[in-house]
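# Examining the three-dimensional arrangement
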Amino acid sequence: MFVKKLVDKASKKPGWDSDGLKAEDVNPRLVFHYGVPEGSTLLAYDSIQKILALSTKDGRIKLLGRDNTQAMLESNEMVSSKFLQFIENHGMLLNVTANNHIEVWDIDKKLMSHVHVVKEQITSFTVIQHSLYIYIGDSVGNVSVWKLVREPCSLVQMKYKIPFSASHGITNGASLVSAVMHIMPQPTAENKRILIIFRDGFIALWTIGESKSIFTTGGNMFQSLQTDKKEVTSACWGCPFGSKVIVGYSNGDVFIWSVSPAPELGGIAKSQTHRAPICRLNLGFKLEKIPIGSLKFAHADGKATRVYILGATNSVSENLLQVVILNDQTESRTVKLGLHLPEPCIALEIISSTNDPNKHKEASCLLLGKSGHIYAYNDCMIERYLLECHQARSPPSLPKQMKIKLPFTDSSITVAKLFTYNSHLLSFTDEEYILSAKNIPPLIPLEMKPNEGTHWNLTNFSGFSKITKLYITGHSDGAIKFWDVSCPFLLPILSVNQQSEEDFSLSGIALTALYFNCNSQILVSGDQSGTVRIFKFKPEPFPTENSFSLLQGSTKRGRNRIFHNIKLVKVNGAVLSIDESRSTEHLAIGSDQGYVSLVDIEGATLLYQNYIATELCRGVNSVQFETCTFHGFQKNLIVAATKDSSVVALDRETGNLLSTKLVRPKKPSRSLYMQILGHLDLSKGHAVDSVTERELLVLLCSEKAIYVYSLMHIVQGVKKVLYKKKFHSLCFWASTFYTSSDLGLVLFFACGKIEIRSVPDLYLIKEAYIRGFALSGSNVKSSSEISICSSSNGELIMVNGDDEIYFASISVEKEANRLLNHVGQVYNKDLMVSHFISGNGTPKEKKKGVFVSVIRDMKGSTTKRETETQAEDLRGSIEELSSIFAIANFPSGVDNTDGTTIYEDMTDLNIDDIDLEDTEEKPVAHNMTVAVTKQNLTSKFQAFKGKLKHMKARNEKLPEKKELREEKAGAVDQIKKKYGFPASGESSVAKMAESKLHDNLRKLQGVSLRTTEMQNTAKSFSSMAKELLRTAEQDRRSS
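Residues numbered from 1 in each chain as written. Predicted model: local features only at pLDDT ≥ 70, side-chain atom pairs only at ≥ 80, totals over all residues. Heavy atoms only, no water.

## Re the side chain of serine 645
Within the fold, serine 645 resides in the loop between strand E44 (633–642) and strand E45 (647–651). Serine 645 gets classed as buried once you look at its relative accessible area, which sits at 0%. Sequence-distant contacts of serine 645, that is, excluding residues within four places in its chain, are made with Val663, Arg664, Pro665, Ser669, Arg670, Ser671, Leu700 and Ser702. (Helix = DSSP H or I, 4+ residues; strand = E, 2+ residues; numbered from the N terminus. Buried < 20%, exposed > 50% of the residue type's maximum accessible area, 1.4 Å probe, protein only. Contact = heavy atoms within 4.5 Å.)

As structure tokens, this is what we get:
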């Protein structure tokens, strides 16, 4: 950096004072992002807060909330995500990156609260909903439990774990391992049992309290019966009760497996094994060897319970998305719907409008394409179609697909202008903007009606006086639209479709240039055919009757209330540039055929057209009026820049070139921007070589370099560069801006970098990157798909096709963009706790206290009491999980990295550590319930029995060594007896150990007896409670 500054200083022109634009004067940054970010790879959904999250390849996460609220999160590392999940209704989002970093995002503050690096390769990630616990599966088949601690934010690994050998029931030290692909809590028993599915197809139903598998199926036993090997790629539950699971494989197979463990005997679940699935879905994926990429289960009360099946392929294929009805007839008669997608898709999510069962529920099926586009289907229409097919009726029309795009326009933006005005008392209030923003169609509508178009019902438009930020866009169909962007939304205020005084229809020809002067109330447009339209506005305020009808198609009266007249002029070639001379009311027009034209505004007449011959390529993409002193006389000029970076000066009166020599770089490239710099006061030490006092300069920016010329040199045809700066990467766009102190230059590069440079010395003041808006690599787009414009004070709007809009700013003023806090607040803190409890309508397994149930039956239950009871039951269930996860269920010496079990030194095994007396009286309001106490004691007992078994197994593995030791010990004892010493077996230490062992065995038997007594007591207590309920019910009936 020091060398660079030294070189810049050495190359500086003599006498030039660098005082001007300072680094503290600018702050280039992204202010707001609207739309779907390009390069999205994953979807996540908070069904309670109604927040959709999208992660991208470059480490960004986009949040889409209610009422058009949106926020963008940026990770420190530009890497893609492997897993993305909400902790629902907690305001927390967990992102697992490709580097196995777990990022914890606070979506309320929009900050990364914590990053935890996991050493293992994470292959499965599941959040236990309504809690802060997480299951993590790794590549060697182990499952660990983690807890999110809120204050201070951190991730803590719990002592509870599920080793690969335990879930598979391996006791012989087998070395084969398989990655964990899915960890799914079982419906109706989420906090009791989980289903673990491994890559090799092995399925284990694990009971959390007993720490063992109670049901296994699939795996090598089933693979041996198949002709081709396959791996698990996706899975989901196949019923709301958790008795069926649907598994997709890498070869295109889709199997339905039964998950039905044997009934419990004496309170202990019996292990059971199945070998074959109950059903195979023949959908055609296997025929084309298309892996199953995603499965989603949609429960319905009627016969339309269904599963969405998405194939994962890099090529477009028929019916990549299929929807199948699940019922008792699925095996014999498959009712399905195949949908043809426009591109291969990589993610699937179903979102709904409400969780209230009393309200009509609208749902959408969202599909994320490889390109980052989102496609939506109406889930209700799919359900209706399947029901019609199931009832053997004539099926309705196929559900229509809708691409999620910016809801503001049906045609792409081809040219745009941005204007900012000083705020004043007449501008709209924040409350008015919030009200208007709520009327904007949502980015992802739940009711897909693509044929009805987009409509707005906003406030009446009476003029531009109240607007502090005006955005004008020209479109591919010939329309011109005016937007209020004072808040980071595009609020429509006016649409111009009129082509002439008599023609009120769209021309269908893309616009290529725009010019607007608010002071003179003139709007000029140029299109691809060379037609220039001059719109003269009426004085403000405009009549407000039939307001906004221009956006929806209106009558002639509605159009004529805005414009005084409309005039047309035809020039040669597509219009590329327009400038106005305010002194003479003339327009200068530059076209892609190399012509510079002069048009009289009042008479709408073409005064002349002159052709500029260039050596490389034709096209005048910049024109500007200027006046200078030439040979002692004032000369009116038109300065023009061509596509090949040539700069010429023409006589405004005749259109003739003032010099036959063109000023052009030695290595020309496509020009992007030209600006005549104002009269610089060079008398105060600001001197440039051979440049006279009060000199006019011309700034020319191309794709590869920036040049600063003297206007007088251009008039004379002198090829002399005053300042020059070459680029290291391709420049895509350039413009100038003003601050309170000086003029600056902003450059936008294809790599996403923004540079701020001083003018005219071109020093680098500051640089920044806007992630996601890079135009290199896989994101290369044509210039017709990208629109960038800026205002004079450094506000930028960048539109990327019909997908996303970037609002950026160079100004240091924080108040330049209004309502940022409101539109960025995706998380609702005031959401009722009842929504947090309600879930998605799936039946829940509830634990109810006996006396609570008696009182409820005697007094009559209410909705409020039921909600409170559900919350209490949920808290009790989470507390029970907390107590289980806090205890090590397997010895710490178990190492499962290679699929084997290793038992280390077990000196910590001491039965005296178990307190069997339990004489201390427990408080009545203690958090731990009787069931939890029993569970803890049982867990300790089971762990101790396991350790004894391990010791026994370890001892049995070495019988030969024992016999050798015994023989050697016997010979030593005989020698000791011969010389009068006691034998080793008769030592007091051995006797003490034997006595201690007997005491420990007696204590162990006491633990077993006490556990049996507690089980019997619990059964008696249950019987007593049932009798009490029966008696209370009889008393109530008799009364």
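## Structural notes on the pattern of salt bridges
Per the stated rule, a full pass over the model turns up 17 salt bridges. With its nearest N and O atoms 2.6 Å apart, the salt bridge here joins aspartate 379 to arginine 306. Separated by 73 residues along the polypeptide, aspartate 379 in helix H4 (residues 379–390) and arginine 306 in strand E24 (residues 306–311) bring together distant segments of the chain. Residue arginine 306 is classed as buried on the basis of its relative accessible area of 2%. (Salt bridge = Lys/Arg side-chain N within 4 Å of Asp/Glu carboxyl O.)

## As for H4
If you check H4, its first and last C-alpha atoms are 16 Å apart, about what 12 residues at 1.5 Å a residue would give, namely 16 Å. Along H4, the positions that sit buried rather than exposed are Asp379, Ile382, Tyr385, Leu386, Cys389 and His390. Angular distribution of buried residues about the axis of H4 spans 135°; they occupy a single face of the element. Buried positions along H4 lie against E24, strand E25 (321–325), strand E26 (336–339), strand E28 (363–369) and strand E29 (374–378). Sitting at the head of H4, asparagine 378 places a side-chain oxygen 2.9 Å from the backbone nitrogen of cysteine 380. Alanine 392 sits one or two residues past H4 and shows a positive phi near 60°. (Expected span 1.5 Å × (residues − 1). Arc of directions from axis to C-beta. Polar contact = N/O pair within 3.5 Å; in protein donor to acceptor, adjacent residues only side chain to side chain.)

## A few points about empty space enclosed by the protein
Across all of its chains, the model carries three cavities of 30 Å³ or more by this definition. There is about 40 Å³ of room inside the largest cavity. The wall of the largest cavity is formed by Gly478, Ile480, Val496, Gln498, Gln499, Leu511, Ser525, Arg533 and Phe535. Among the residues forming the lining of the largest cavity, the class breakdown is four nonpolar, four polar and one charged. (1 Å grid on protein atoms, 1.4 Å probe; cavity = no way out; pocket = protein on both sides within 12 Å on 5 of 7 lines; lining within 4 Å. Points joined across faces, edges and corners; volume = space filled by probe spheres on them. Nonpolar A, V, L, I, M, F, W, Y, C, P; charged D, E, K, R; others polar.)

## What about the packing of aromatic side chains?
Given two aromatic rings, one states the distance between the centres and the angle between the planes to describe the pair. Under the definition given, this model contains 26 aromatic pairs. Measuring from ring centre to ring centre gives 5.6 Å for tyrosine 34 and phenylalanine 489, while their planes differ by 85°; the resulting arrangement is edge-to-face. Note that tyrosine 34 is positioned in strand E1 (residues 26–35) and phenylalanine 489 in the loop between strand E33 (480–484) and strand E34 (491–496), a separation of 455 residues in sequence. Each member of the pair, tyrosine 34 as well as phenylalanine 489, carries the same accessibility label: buried. Seen from their ring centres, phenylalanine 255 and tryptophan 257 are 6.3 Å apart, and the 80° between their planes marks the pair as edge-to-face. A single burial state applies to phenylalanine 255 and to tryptophan 257, both of which are buried. Among the aromatic residues, ring-to-ring pairing joins Phe419, Phe464, Phe482, Phe516, Phe535, Phe537 and Phe563 into one connected group. Directly above the aromatic system of tyrosine 249 lies the positively charged group of lysine 230, at a separation of 5.5 Å from the ring centroid. The ring of phenylalanine 749 carries the charged tip of lysine 753 above its face, separated from the ring centre by 5.0 Å. (Phe/Tyr/Trp six-rings, centres within 6.5 Å; stacked < 30°, edge-to-face > 60°. Lys NZ or Arg CZ within 6 Å of the ring centre and 35° of its normal.)

## Some thoughts on the sheet that holds E25
The strand order across the open sheet formed by four strands is E23-E24-E25-E26, and the pairing between neighbours is antiparallel. Two strands close off the open sheet at either side, each with one partner strand: strand E23 (292–298) and E26. If you compare each strand with its neighbour and ignore which way they point, the axes differ by 15° on average. In terms of strand pairing, E25 meets E26 through four bridges, oriented antiparallel. Each residue of the ladder has a partner; that of glutamine 322, found in E26, is glycine 338. (Pairing = 2+ DSSP bridges. Axes fitted to C-alpha atoms, helices over the stretch in contact; angles between N-to-C directions.)

## Description of the sheet that holds E33
Taken in spatial order, the four strands of this open sheet run E31-E32-E33-E34, and their pairing is antiparallel. The open sheet has two free edges, formed respectively by strand E31 (413–420) and E34, since each of these has just one partner strand. Put simply, the sheet's adjacent strands are angled 20° from each other on average, direction ignored. Relative to E33, strand E32 (residues 469–475) runs antiparallel, the two being bridged by five bridges. The partner of isoleucine 472 across the bridge, within E33, is phenylalanine 482.

## Section: helix H5 (residues 430–438)
For H5, the complete set of buried residues consists of Tyr433, Ser436 and Ala437. Each buried residue of H5 lies within a common arc of 100° when the element is viewed along its axis, so the set occupies one face. With respect to the buried face of H5, the exposed residues turned more than 90 degrees away are Glu431, Leu435 and Lys438. Lining the buried residues of H5 we find E33 and E34.

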